[in-house]
Amino acid sequence: MLEIEIDGKKAQVPDGSTVMDAAQQVGVYIPHFCYHKKLSIAANCRMCLVQVEKAPKPLPACATPVTNGMKVFTHSELAVKAQKGVMEFLLINHPLDCPICDQGGECQLQDMSVGYGPMKSRYTEEKHVVFHKNVGPLISMEEMSRCIHCTRCVRFGQEISGIMELGMANRNMHSEITTFLGRTVDSELSGNMIDLCPVGALTSKPFRYTARSWELQRRKSVSPHDSVGANLVVQVKHDNVMRVLPRENEDVNECWISDKERFSYQALNSDERLTKPMVKQGGEWKEVDWNVALDYVAHGLKDVARDNGGDALAALAAPSSTLEELFLLGKVMKGLGSGNVDFRPRQSDFGTDFKRAGTPWLGLKLAEIKDLDAALVIGSFLRKDHPLLAQRLRQAAKKYTKVSLLSVAGDDQLISLHAKLTVAPSQLAQTLAAVVKAAAEIKGVAAPVGLESVAVCDSARAIAQSLVDGDKRAIFLGNVATQSAAATQLHALALELGKLTNASVGFLGEGANTLGGHAGWALPSGANARQMFEQPRKAYVLMGVEPEFDCANPQLVLGALKQASLVIYMSAFKHAPALEYADVMLPIAPFTETAGTFINIEGRVQSFNGVVKARGEARPAWKILRVLGNVLNLDGFGYESSEAVRDEVLGKGAEFVGSLDNGLNGVAIALPGTVDGLQRIADVPINFADAMARRSPALQQTVDAKAPMARISEQTLAQLGLAGGAQVRVKQGQGEAVLVAQADNNVPVGCVRVAAAHASTAALGDMFGQISVERA
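What you see is a predicted model, and the numbers here were worked out from it, not measured in a lab.

Student: Which residues make up a nonpolar patch on the surface, and what values do they have?
Tutor: A cluster of nonpolar side chains, contributed by M164, F180 and L181, occupies part of the molecular surface with about 330 Å² of accessible area. Among the structural elements, M164 can be located in the loop between α4 (152–161) and β8 (166–169).

In C-alpha cells:
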C-alpha cells in the first residue's frame, strides 16, 4: 500500500494505482473524457491534468502511477489553467449545436464547458467538418464533427466486444473515427459505445430525435432476455418506453448490456401489441371483456378435465416468464388435476427429470469467472447465446484463464481460446467422453465405465490438461448441450469430468428465468414439454410461447395444437399463426408493465416493478392466473400482490435461491450410437430469440437478423453435388424450406446449419435431428 495526499486528503492505495484511482477513493473529482474504469489507459484527451508536487509540469491523472508520499493538487491555479487550456482546444472544432443534439442534458462536454470552458472562442479559422457515416441501424454517426477523439469506442471494440470495428484515421485536426472500408458495426454489444461516448458523436438511431433527456423518467428494471439478469434503467415518457440503458451492477452485468436488451423495447410500442381479450366464435375473432374471456377459459378447462381427466390438459410457458407467473401456472394446472406443465420448450431430452440433486445453476458466481484458471464451454453459440457471459470469459482469457470450447460450430467467439473442438451434434457426447478419458489418464486413475473404447485426440488431451492444472476451474453446459438429444449424457459426463479435475459444473441457462422455473416448481409431474405434444392433449395453455419459433420441434407442436379442442394463448403480442389454432387470446403485460421476479443463473433473486401502465386492457399474467384460480374455485389463490406469491415460493427476504446443486442421482454413462445421414445444426439467432426481439424494427435490420441460409461445409456441398449460392430444398419429416446454400467451413462435415426461430424455417422438425438437402 502506498500513501498519497490529494487536495489535503490522505489515502492509502494499492501499489500500481493511478492518481485517478486514488482520487476516486477519497471522493475528489478530476475532470476527464478518455478515462473509463473498464477500458485501458489512453491519456489522449488530457482533460485530467493535475499538479503533482515537484513535477515540472501538469501530469495526466489517469496515466500517472502513485508513488509513496505523493502530493497532488487537482484544483490549484496551475492545474485549472491546464484544464481550461485543454478544454479550449477541445472546443475549437466542436459545432455549436447543443439545442438539437440528442446528448444535450447528459453530455460530459457540455457539463465541463460550464466549469472549464472560455466565455467565447478565440478561434476564427474555418472549422474542420467530418462527414457522416452509415454504420448500421443501431448507431448513428451522422454528427461526427462533434467527436473529441477520446477513443473510448475504439478501445471498447478492441477490449470488451473483442472486435475492432471502429478506428482512427488521419492525424492531428484531420483525425476522425471511422469503420474499416465502410463496413457496418455488427457486434452484439455495439450499443454500449453510445453510452461510452462523452459527446453527441455516437447516438442511438432508434431513439434519435424522439425525446430530450430531461423529459424522461428513469426507472429500474431487470432484463427478460438472458440468464444473466442484466440490471436496466428504463426511460419513460408519457407511459411509453423511450430508451433502455444499463444500470451498473458489478456482480451481474458490470456496466454493459447487449444490443438485444437495449433495442428490443421498440416492440413494446408496436402495432402488434395484443390489448384486448379475444375469443374465436364461429371461426371469427371477437374482442370481449375480461369476465367473458376468463369465464370461457374456466368452463373450457373444466369441461375438458371432467370429460377426459386432468391428464388431457397441458401448459407450456416461456423461460422468460416471471417466477410468479410460472408458479401460478403450475398451481392452476395441478388444481385441475394435471401435472403436464413445463417451461423448457426447446429441450428434447428430459432424462434428468426426477434425478437432479437440486436446482441447476451456473456452479459459481458470475463475478468469480474472472478468477478462473481454466474453463470449458460445452455446446454453445457463446457470443450470440450469452453475450455478457462471453464478455466475462473474453476478459478472463486476456489475463491467464485457459478457455476451451467444445461445440457444433466453429464460429469465432472473439476469445483467445486455449483449445477448440467442433463436432457434429451426435458426436458431442463421444467427444466430451474423450476429454473425460484424457483427464483420467493424466490423473492416473481408471476411466469411468463405458469409456474404454473411446479414442482420445490431442485437442481433447489439451482441454483435459488445462482443467487438471490450476486451482479454480469450471465446466459450463450451454444451450446446445441442454437442447441436444444427448443432454442427459452430456450432463453426466460433465459431472465425471468435474470430479476428476475438481472443477465446478454448471449451466449457462437459456432464458431469463430458467433457474426460476425450477425454483417455482413449474416442472412436470406428468408429461414434459415434448411428451405433451407427442401424445396430443385436448387442451393447451401457452404462456409467452410462440410455438413456431420457440419449440424444439415446431412441426410436432403445431400438429398437436391443431387437433386440440381448446388452445388458450397468453401473450403480449398478436401472433398471426396463433389465429389459426388458438381459441382464446389473453393479453398479458410484458416485463415493463408488470411486477415480478427473475432468478438469474447464479441464483440471484431480482424483483422488479412495472415502469409504465399496461397497454389497453392487458394485465399482468400473475393476476390473470390468480383470478382464473378463483373462477375455477381452486384453493390458495387469494394473493394480494406479486410479492406475496414470491414469498410463498422463496420465503421472505431471499437474496439467493437455496438448494443449488447440479448433481444427478441414478444416471449411468451410456454413450449414444452413431447417426447416419445429414444432421441439422439449429442455432437460435440472437435477434430472433424471443417475441420482443422479433418485433424490434431496428434489430430486424441488423446482420444478425438476416434470413437463414443452409450453411454447409465445402466438402459436404461437393458430396451433395451442390455449390454455394444454389437454391436448395431442406426437408425434415413432413416439412420443408427452400433456402440458399452457403459454403461455411465452420460447419462440421456431414451437417447442415439451418437456424431456428424464423418464419422461413418454422415448418421444419427437430433442431438437432436428421435432415435432407436437395437442389430446389
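Once you've had a look at it, read on.
Student: Please provide a residue-by-residue account of the UniProt feature "domain: 4Fe-4S Mo/W bis-MGD-type" (unreviewed entry) in the chain, values included.
Tutor: Sites flagged by UniProt as "domain: 4Fe-4S Mo/W bis-MGD-type" (unreviewed entry) map to residues 216–272. Between the C-alpha atoms that bound residues 216–272 the distance is 24 Å, and the span itself is 9% helix and 35% strand.

Student: Got a sec to walk through the packing of aromatic side chains? Specific residues and values, please.
Tutor: Following the criterion strictly, the structure yields 3 aromatic pairs and no others. With 5.0 Å between their ring centres and 35 degrees between their planes, F598 and F608 make a pair best called tilted. Here F608 lies in strand β27 (residues 605–608) and F598 lies in strand β26 (residues 596–599), a separation of 10 residues in the sequence. We note that F598, like F608, is buried. In this structure, R344 packs its charged tip against the face of F343, placed 5.9 Å from the ring centre.

Student: Which residues make up the pairing of β27, and what values go with them?
Tutor: By the bridge criterion, 4 bridges tie β26 to β27 in an arrangement that is antiparallel. Directly across from G596, in β27, lies its bridge partner F608. Taking the residues between adjacent antiparallel strands as the criterion, β26 and β27 are bridged by 5 residues, where G603 takes a positive phi near 90 degrees.

Student: So what's going on with the UniProt feature "domain: 4Fe-4S His(Cys)3-ligated-type" (unreviewed entry) in the chain? Which residues, and what values?
Tutor: In this numbering, the UniProt entry assigns the feature "domain: 4Fe-4S His(Cys)3-ligated-type" (unreviewed entry) to residues 78–117. The span residues 78–117 shows a helical share of 57% and a strand share of 0%, and its end C-alpha atoms are spaced 16 Å apart.

Student: Tell me about the nonpolar core, and name the residues and values.
Tutor: Grouped together as the largest cluster of nonpolar side chains are 91 residues, with contacts concentrated most on F33, I139, L166, L202, L393 and F476. Tallying contributions element by element places helix α10 (residues 387–399) first for this core, with 5 residues. Not counting chain neighbours up to four residues away, the residues in contact with L166 comprise M141, C153, V154, I177, T178, T179, V185, M193 and L202. Residues A460, A486, F549 and F768 belong to the second largest nonpolar core, which totals 57 residues.

Student: Account for the pairing of strand β18 (residues 374–378), naming residues and giving values.
Tutor: Within β18, 5 of the 5 residues are buried, which leaves the element mostly enclosed by the surrounding structure. Burial along β18 is two-sided: A374, L376 and I378 and A375 and V377, pointing in opposite directions, are all buried. Where β18 lies against strand β19 (residues 402–407), 5 bridges are found, and the strand directions are parallel. Among the inter-strand pairings, I378 is bridged to a residue of β19, identified as L406. Judged from the 5 bridges that link them, β18 and strand β21 (residues 473–477) form a sheet pairing that is parallel. Paired with I378 across the bridge in β21 is L477.

Rules used throughout
Residues numbered from 1 in each chain as written. Predicted model: local features only at pLDDT ≥ 70, side-chain atom pairs only at ≥ 80, totals over all residues. Heavy atoms only, no water. Patch = residues over 30% accessible without salt bridge, like charges linked within 9 Å, V, L, I, M, F, W, Y side chains within 5 Å. Areas by Shrake-Rupley, 256 points an atom, 1.4 Å probe, with all protein chains shown as cover. Salt bridge = Lys/Arg side-chain N within 4 Å of Asp/Glu carboxyl O. Helix = DSSP H or I, 4+ residues; strand = E, 2+ residues; numbered from the N terminus. UniProt positions renumbered as here; feature names shortened; annotations may be inferred. Phe/Tyr/Trp six-rings, centres within 6.5 Å; stacked < 30°, edge-to-face > 60°. Buried < 20%, exposed > 50% of the residue type's maximum accessible area, 1.4 Å probe, protein only. Lys NZ or Arg CZ within 6 Å of the ring centre and 35° of its normal. Pairing = 2+ DSSP bridges. Core = buried A, V, L, I, M, F, W, Y, C linked by side-chain atoms within 4.5 Å. Contact = heavy atoms within 4.5 Å.

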